[in-house]
Amino acid sequence: QLQLQESGPGLVKPSETLSLTCSVSGGSISRSSYFWGWIRQPPGKGLEWLGNIYSSGTTYYNPSLKSRVTLSVDTSKNQYSLKLSSVTAADTAVYYCARGAAAELDYWGQGTLVTVSS
Amino acid sequence: QSALTQPPSASGSPGQSVTISCTGTSSDVGGYNYVSWYQQHPGQAPKLMIYEVSKRPSGVPDRFSGSKSGNTASLTVSGLQAEDEADYYCSSYAGSNNYVFGNGTKVTVL
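Residues numbered from 1 in each chain as written. Chains lettered and ligands numbered in written order. Predicted model: local features only at pLDDT ≥ 70, side-chain atom pairs only at ≥ 80, totals over all residues. Heavy atoms only, no water.

### Description of the interface of chain B and chain A
Part 1 of the reasoning: Chain B puts 19 residues into the contact, and the matching count from chain A is 23 residues.
Part 2 of the reasoning: Between chain B and chain A, a total of about 1700 Å² is buried, with carbon and sulfur atoms accounting for 61% of that surface.
Part 3 of the reasoning: If you sort the residues of chain B by the area they bury against chain A, B:N97, B:Y99 and B:F101 come out on top, with a joint share of 37%.
Part 4 of the reasoning: Joining chain B to chain A, the criterion identifies zero salt bridges.
Part 5 of the reasoning: Our enumeration of links across chain B and chain A arrives at six residue pairs in polar contact (both at pLDDT 80 or more).
Part 6 of the reasoning: Classifying every residue of the side of chain B that touches chain A by side-chain character gives 10 nonpolar, eight polar and one charged. (Contact = heavy atoms within 4.5 Å. Buried area = accessible area lost by both parts, 1.4 Å probe. Salt bridge = Lys/Arg side-chain N within 4 Å of Asp/Glu carboxyl O. Polar contact = N/O pair within 3.5 Å; in protein donor to acceptor, adjacent residues only side chain to side chain. Nonpolar A, V, L, I, M, F, W, Y, C, P; charged D, E, K, R; others polar.)

### Some details on the pairing of strand β4 (residues 47-50) of chain B
All names here are of chain B.
Part 1 of the reasoning: Sheet analysis places strand β3 (residues 35-40) next to β4, joined by three bridges and oriented antiparallel. The partner of Q39 across the bridge, within β4, is K47.
Part 2 of the reasoning: Turn length for the β3-β4 hairpin, with the two strands adjacent in sequence and antiparallel, is six residues, and the turn residue G43 shows positive phi of about 75 degrees. (Pairing = 2+ DSSP bridges. Helix = DSSP H or I, 4+ residues; strand = E, 2+ residues; numbered from the N terminus.)

### Looking at the environment of A:A90
Residue and element names in this part refer to chain A.
Part 1 of the reasoning: As for its placement among the helices and strands, A90 is situated in the loop between β8 (79-84) and β9 (93-101).
Part 2 of the reasoning: Judged by its relative accessible area of 59%, A90 is exposed.
Part 3 of the reasoning: Taking the C-alpha atoms as reference points, A90 and V116, 26 residues apart in sequence, are found 7.9 Å from one another. (Buried < 20%, exposed > 50% of the residue type's maximum accessible area, 1.4 Å probe, protein only.)

### Let's talk about the nonpolar core
Part 1 of the reasoning: Core analysis: the biggest nonpolar cluster contains 27 residues, and A:L18, A:W36, A:W38, A:Y80, A:L82 and A:Y95 have the highest contact counts within it.
Part 2 of the reasoning: Among the secondary structure elements, those contributing two or more residues to this core are β3 (18-25), β4 (34-41), β5 (48-53), β7 (69-74), β8, β9 and β11 (112-116) of chain A.
Part 3 of the reasoning: Filtering out sequence-adjacent residues up to four positions away, A:L82 remains in contact with A:L18, A:S19, A:L20, A:W38, A:L50, A:V69, A:T70, A:L71 and A:Y95.
Part 4 of the reasoning: With 23 residues, the next largest nonpolar core counts B:A10, B:C22, B:V35 and B:L75 among its residues. (Core = buried A, V, L, I, M, F, W, Y, C linked by side-chain atoms within 4.5 Å.)

The following block contains the structure:
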C-alpha cells in the first residue's frame, strides 16, 4: 500500500522560506506514469493546488504562486520537496503531498500544519 | 485561475439522495473530462471518490456517482448514510498542467 508522509518545520517566520519533504513508501517515485503534487488548505478553508513534479524533474506550478514555489525530487531517497519563499501569514495552512494519476490525486499524505508567525 | 463554484452546503435525510454541483468554465470543467471529487472528514486528508467525471476508484461505494454537462459537473450521493457527512471538493484539469479545486460543499445528514 502506497504511503506518503510530509515532514518539516511546523513554524516558519514571515519572509522566510517554508521547506517540506514528502517521503514515499510502498512504491517507487520513479514510475513515469504518475506525478507528485503539493496541495494546501488554510484553516477552515478550501484546497489549493500548488504544483506537480514528475520523477524526471519536470515541474508545473500554480500560476498564482509560481514566483515563490519550487519543487524538487530525489529519486534515490524516494522523496520530493516543496519550497515556498517569502512567506506571510496567508501561507499558514495544512500542506498535503499526494500522488497524481492522469488528473486525479489518488493517494494523499496525512498533511502537516505550517504556521507562519514571528 | 479561479476556484470552481460549489454550493456551500447541502443536506439530506438518511436514505435520500443529495447532488452537489461544481461550475467552472470552458477552460476547465467544460474543456476536459478530467473532473474528480474528494471527500474530506474533519481532521483528515481528502479521499478520492470520483475521477474522470464518473469513474469510481476501487472501494468507493456505488452510491457515489458523477456526471457532467457543459461547464458544470455533479456528484450525487444516493442512499445517504451518516458516514457520508463530510466536506466535498471537486477538481478539474485546467490545461497547461494546471489544476483547480472547487471551494467545497459541506454535506449534512439530517
